[in-house]
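Commentary on secondary and tertiary structure
Residue strings, one per chain:
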Amino acid sequence: MTCLKPSLFYLLYNRRLVSPERLKWALWYQFGRPWNATLSYSQVLIAFNDLTLLQLKQIREFWGPDLDEEPIGHLLLDHERIGPAELLKVSQLHASEPRSYLGGLLIQQGYTYREELEYILKKPLFKRPHAPPEQRAARIKAMELFRSRLWLRGYLSLKEIAQLELDCVESLPLSFKPLADLLVLNGDLPDFLVELMCVAPVPRGNDPLLPMLTCHGYPPDVLLPRLARELVAADLDKNLALLLAEKQMISRQRLTNLILETYRDHIKEAQGA
């Protein structure tokens, strides 16, 4: 099942193009406007100078039609308030009524209600919990989201996820971090969840993506110095896979294929052992 599209919301966050506070503020602005003649999410950001037309144009050119610009559906799905089939149906309806608020259409179809939308918008969207019990609960939830996105976006089947023994783990083994990086790269997951799933931060020089790239002809002793030369302040905490694609050191599609090929080869090797 591959009904989901990459989220503009997560792409803007992961690329640090708009601050988390303004991303959330724009969601509230949409919620508080008349639902039958609302601005799109990107129009709200542009109207209040949080995003430029050039930035949006570049993102649209890069992604083409494979971009979901309305975040509220993804957020409701992330919090298990709607299912993917419901989001797909209402997204198709929204295409014929682009000035209507997607959340309002979800209510009209009976998939959610106003108080539920307000509840989701009140939740902290990009905040890592500090207390150990809260961290564990959030980590388990993030892993569920990680698995569902791999499947819903067509990267891996449920069978392949089980074959990699990722179907019931509470935290992400470090060797599988590149799969989470793939979701960050393609706008399927906010990057702060990767650190949460991995339990502890991973130094860039020890990132498991590097040996994977080495096996495919991209030596770290070439990549890392070049990357260091091109980094600016806004890049320092960005995901490595995202940085490599942004700096045009490897294309997004090539990196996506490389990561998926590596784990599918791992499954084949395990089956042949």
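Criteria and cut-off values
Residues numbered from 1 in each chain as written. Predicted model: local features only at pLDDT ≥ 70, side-chain atom pairs only at ≥ 80, totals over all residues. Heavy atoms only, no water. Helix = DSSP H or I, 4+ residues; strand = E, 2+ residues; numbered from the N terminus. Contact = heavy atoms within 4.5 Å. Salt bridge = Lys/Arg side-chain N within 4 Å of Asp/Glu carboxyl O. Buried < 20%, exposed > 50% of the residue type's maximum accessible area, 1.4 Å probe, protein only. Expected span 1.5 Å × (residues − 1). Arc of directions from axis to C-beta. Axes fitted to C-alpha atoms, helices over the stretch in contact; angles between N-to-C directions. Parallel < 35°, antiparallel > 145°, perpendicular 65-115°, else oblique. Left-handed = near helix turned anticlockwise from the far one by under 90°. Core = buried A, V, L, I, M, F, W, Y, C linked by side-chain atoms within 4.5 Å. Disulfide = S-S within 2.5 Å. Phe/Tyr/Trp six-rings, centres within 6.5 Å; stacked < 30°, edge-to-face > 60°. Lys NZ or Arg CZ within 6 Å of the ring centre and 35° of its normal.

1. Examining the side chain of Thr 38
The residue Thr 38 is located in the loop between helix 2 (20-32) and helix 3 (41-47) in this model. Sequence-distant contacts of Thr 38, that is, excluding residues within four places in its chain, are made with Gln 30, Arg 33, Arg 99, Ser 100 and Tyr 101.

2. So, the pattern of salt bridges
Under the definition given, this model contains 19 salt bridges. Between Arg 22 and Asp 50 there is a salt bridge, and its shortest N-O distance comes to 2.9 Å. Taken together, the residues Arg 22 in helix 2 and Asp 50 in the loop between helix 3 and helix 4 (53-63) connect sequence positions 28 residues apart. Look at Asp 50 and you get buried, because its relative accessible area is 16%. As a salt-bridge pair, Glu 80 and Lys 141 come within 2.9 Å of each other at their nearest N and O atoms. You can see Glu 80 sitting in the loop between helix 5 (71-78) and helix 6 (84-96) and its partner Lys 141 sitting in helix 9 (residues 132-152), a full 61 residues away along the chain.

3. Remarks on helix 2
An α-helical turn contains 3.6 residues, so a residue and the one three or four places further along point in the same direction. End to end, helix 2 covers 19 Å across 13 residues, agreeing with the expected 18 Å (1.5 Å per residue, within 8%). Of all the residues in helix 2, the buried ones are Leu 23, Lys 24, Ala 26, Leu 27, Gln 30 and Phe 31. Each buried residue of helix 2 lies within a common arc of 150° when the element is viewed along its axis, so the set occupies one face. Across helix 2 from its buried face, at more than 90 degrees, point the exposed residues Glu 21 and Gly 32. Tucked inside the fold, the buried residues of helix 2 contact helix 1 (8-14), helix 3, helix 5 and helix 8 (114-122).

4. Here's the deal with the packing of helix 2 against helix 8
Running from N to C, helix 2 and helix 8 point in directions that differ by 165°, and their axes come no closer than 10 Å. One finds that helix 2 runs roughly antiparallel with respect to helix 8. Our pair here, helix 2 against helix 8, has a crossing hand that is left-handed. Residues Lys 24, Leu 27, Trp 28 and Phe 31 of helix 2 touch helix 8, and the partners they reach there are Arg 114, Leu 117, Glu 118, Leu 121 and Lys 122.

5. Some details on the nonpolar core
Ranked by size, the top nonpolar core spans 82 residues in total, and within it Phe 9, Leu 23, Phe 146, Leu 172, Leu 179, Leu 209 and Leu 244 carry the most contacts. Setting aside residues no more than four positions away along its own chain, Leu 172 makes contact with Met 143, Phe 146, Leu 166, Lys 177, Ala 180, Met 197 and Cys 198.

6. Some points on the state of the cysteines
This structure, assessed with the given rule, holds 0 disulfides. Not part of a disulfide, Cys 198 finds its nearest cysteine sulfur in Cys 168, a span of 17 Å. The class of Cys 198 is buried, set by a relative accessible area of 13%. Take Cys 215: it sits in no disulfide, and the sulfur closest to it among the cysteines is that of Cys 198, at 19 Å.

7. Here we look at the environment of Phe 62
With respect to the secondary-structure elements, Phe 62 resides in helix 4. Those residues in contact with Phe 62, other than ones at most four positions away along the chain, are Arg 15 and Arg 252.

8. Digging into the packing of aromatic side chains
Scanning the model with the defined rule gives 14 aromatic pairs in all. Look at Tyr 13 and Phe 126: their rings are 4.0 Å apart centre to centre, the planes differ by 5°, and that puts the pair in the stacked class. One end of the pair, Tyr 13, is in helix 1; the other, Phe 126, is in the loop between helix 8 and helix 9, with 113 residues separating them in the sequence. The exposure classification of Tyr 13 matches that of Phe 126, with both residues buried. Consider the rings of Tyr 29 and Phe 48, whose centres lie 5.2 Å apart with planes at 65°: the pair is edge-to-face. One end of the pair, Tyr 29, is in helix 2; the other, Phe 48, is in the loop between helix 3 and helix 4, with 19 residues separating them in the sequence. Overall, Phe 48 belongs to the partly exposed group, its relative accessible area being 35%. Among the aromatic residues, those joined into a ring-pair cluster are Phe 9, Tyr 10, Tyr 13, Tyr 41, Phe 126 and Phe 192. For the cation-ring pair, Arg 16 lies above Tyr 13, with the distance from its terminal atom to the ring centre recorded as 5.0 Å.

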